Amino acid sequence: MKVLPLVLGLAALALSRAALPHHSSAAVYDRDTVVEAEGDVVEVSWTNPHVRFKVRDAAKTWDIESNSVSIVSRFGLREGLVKVGEHVKLAGNGGRQRDDVMWVTNMLLPDGREILFGAAIAPRWSDRTVGNDIRSAVSADSQKLGIFRVWTNVTSPAAFWAQDFPLTPAAAAARAKFRPVLDDPTQNCTPKGMTYIMEQPYPVEFAKDGDDLVLKMEEYDTVRHIAMTGTPAKANAPRLGVSAGHWDGGTLVVDTTGIDYAHFDGRGIPLGKGARVEERFSLNADGSRLLYTMTVSDPLTFTAPVTLKKEWEWRPGEQVRPYNCVK
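Residues numbered from 1 in each chain as written. Predicted model: local features only at pLDDT ≥ 70, side-chain atom pairs only at ≥ 80, totals over all residues. Heavy atoms only, no water.

With that settled, the discussion passes to the pattern of salt bridges. Applying the stated criterion to the full structure yields 22 salt bridges. Here Lys234 and Asp209 are joined by a salt bridge, their closest N and O atoms 3.1 Å apart. In this pair, Lys234 sits in the loop between strand 11 (222–227) and strand 12 (242–248) while Asp209 sits in strand 9 (residues 204–209), placing the two residues 25 residues apart along the sequence. Lys234 sits in the partly exposed class, given a relative accessible area of 44%. Across the pair Arg224 and Glu279 runs a salt bridge whose closest N-O atoms are separated by 2.7 Å. With Arg224 in strand 11 and Glu279 in strand 14 (residues 276–283), the pair connects residues that are 55 residues apart, well separated along the chain. An identical accessibility class is assigned to Arg224 and Glu279; each is buried. One network of salt bridges, with partners in common, ties together Arg52, Lys54, Asp63, Arg98 and Asp100. (Salt bridge = Lys/Arg side-chain N within 4 Å of Asp/Glu carboxyl O. Helix = DSSP H or I, 4+ residues; strand = E, 2+ residues; numbered from the N terminus. Buried < 20%, exposed > 50% of the residue type's maximum accessible area, 1.4 Å probe, protein only.)

As paired strands, strand 8 (residues 150–153) and strand 16 (residues 306–313) are joined by two bridges and run antiparallel to one another. When the sheet's bridge partners are listed, Asn153 is paired in strand 16 with Trp312. As judged from the eight bridges shared by strand 15 (residues 289–297) and strand 16, these two strands associate in the antiparallel manner. Paired with Leu291 across the bridge in strand 16 is Glu311. (Pairing = 2+ DSSP bridges.)

Bringing the state of the cysteines into the picture now. Tallying each qualifying case throughout the model produces one disulfide. The side chain of Cys189 participates in a disulfide bridge whose partner is Cys325; the two sulfur atoms lie 2.1 Å from each other. Handedness here is read from the sign of the S-S torsion; for Cys189 and Cys325, about -75 degrees, the answer is left-handed. Of the two residues, Cys189 sits in the loop between helix 4 (169–177) and strand 9 while Cys325 sits in the segment after strand 16, which places them 136 residues apart along the sequence. (Disulfide = S-S within 2.5 Å.)

Let us now look at the packing of aromatic side chains. Two aromatic rings, taken as a pair, are described by how far apart their centres are and by the angle between their planes. Scanning all chains against the criterion turns up 16 aromatic pairs. When the centroid spacing of 4.9 Å and the interplanar angle of 80 degrees are considered together, the rings of Phe206 and Phe281 count as edge-to-face. Of the two residues, Phe206 is situated in strand 9 and Phe281 in strand 14; the sequence distance between them amounts to 75 residues. Judged by its relative accessible area of 1%, Phe206 falls in the buried class. For Phe281, a relative accessible area of 1% corresponds to the buried category. Among the aromatic residues, those joined into a cluster by ring pairs are Phe160, Trp161, Phe165, Tyr196, Phe264 and Phe302. Arg149 extends its terminal NZ or CZ atom over the ring of Trp314, reaching a point 4.6 Å from the ring centre. The ring centre of Phe148 lies 5.0 Å from the NZ or CZ of Lys208, which sits over that ring. (Phe/Tyr/Trp six-rings, centres within 6.5 Å; stacked < 30°, edge-to-face > 60°. Lys NZ or Arg CZ within 6 Å of the ring centre and 35° of its normal.)

Geometric descriptors of this kind do not, in isolation, establish any biological role.
As structure tokens, this is what we get:
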């Protein structure tokens, strides 16, 4: 374990929130190392896209980052839990390029309680922990609701993208030039478009809107309108394209074209103007899971169509909450 003391210049306190814009956390933090720090909380920002803290000792200020409000709230963590002026102890993943940043996993409060910032995190210092999954249990669809309910994400973004994509030479060159922090398409709360938005790790909800369907996604308060009768009654934001759906038995099939968004993912793979996306949403045998496949045909980016898969599960009582991203 690598342990770094919190002892550098007070001038670091002038570091602004803009120094760490919204980004892919794996690009900034080394997930293979653990660092520790101890100091006084001088700033708390309990906002999306990431809960953040500044912690200072006599000579150094750390930028401390965690998951979104949406995620930590589902583990029972609420604003006010950490207060400015408190002396805390921290552990988490250190920065790849800087030694004053941390993706926090554990925080020891002055009263001896230890905050666990996510699932499957082991306590380090105390048996008085704060941070457990407070969501309801996964349930079968005994009410015969079909897809029309709120679904909780199961598949991580990393697992969603976990394959070697058959890139064209132009797409491979574009990815090679991509700078993970500087070129992140979601900087300053810029919302994701298709196909990137479908990785989002928050709840989604299918609902009916007259003859059409809507897919509400928590991340960036995204709403996709799906026309079921030929002409869409409501238009999507251009970054989401034009979606037309139909039923194939119990499977909802959605075809999306006209996507005005240049990013296939957040790692530098582009999306061509003529890309076509077919999505299929279906239930497992007892209706407790929503199964998803997305096939992308884009000859400017891929030498063959690519298919991605993920799943959601039904936890009754779950909600799609306001995201309210703050730049």
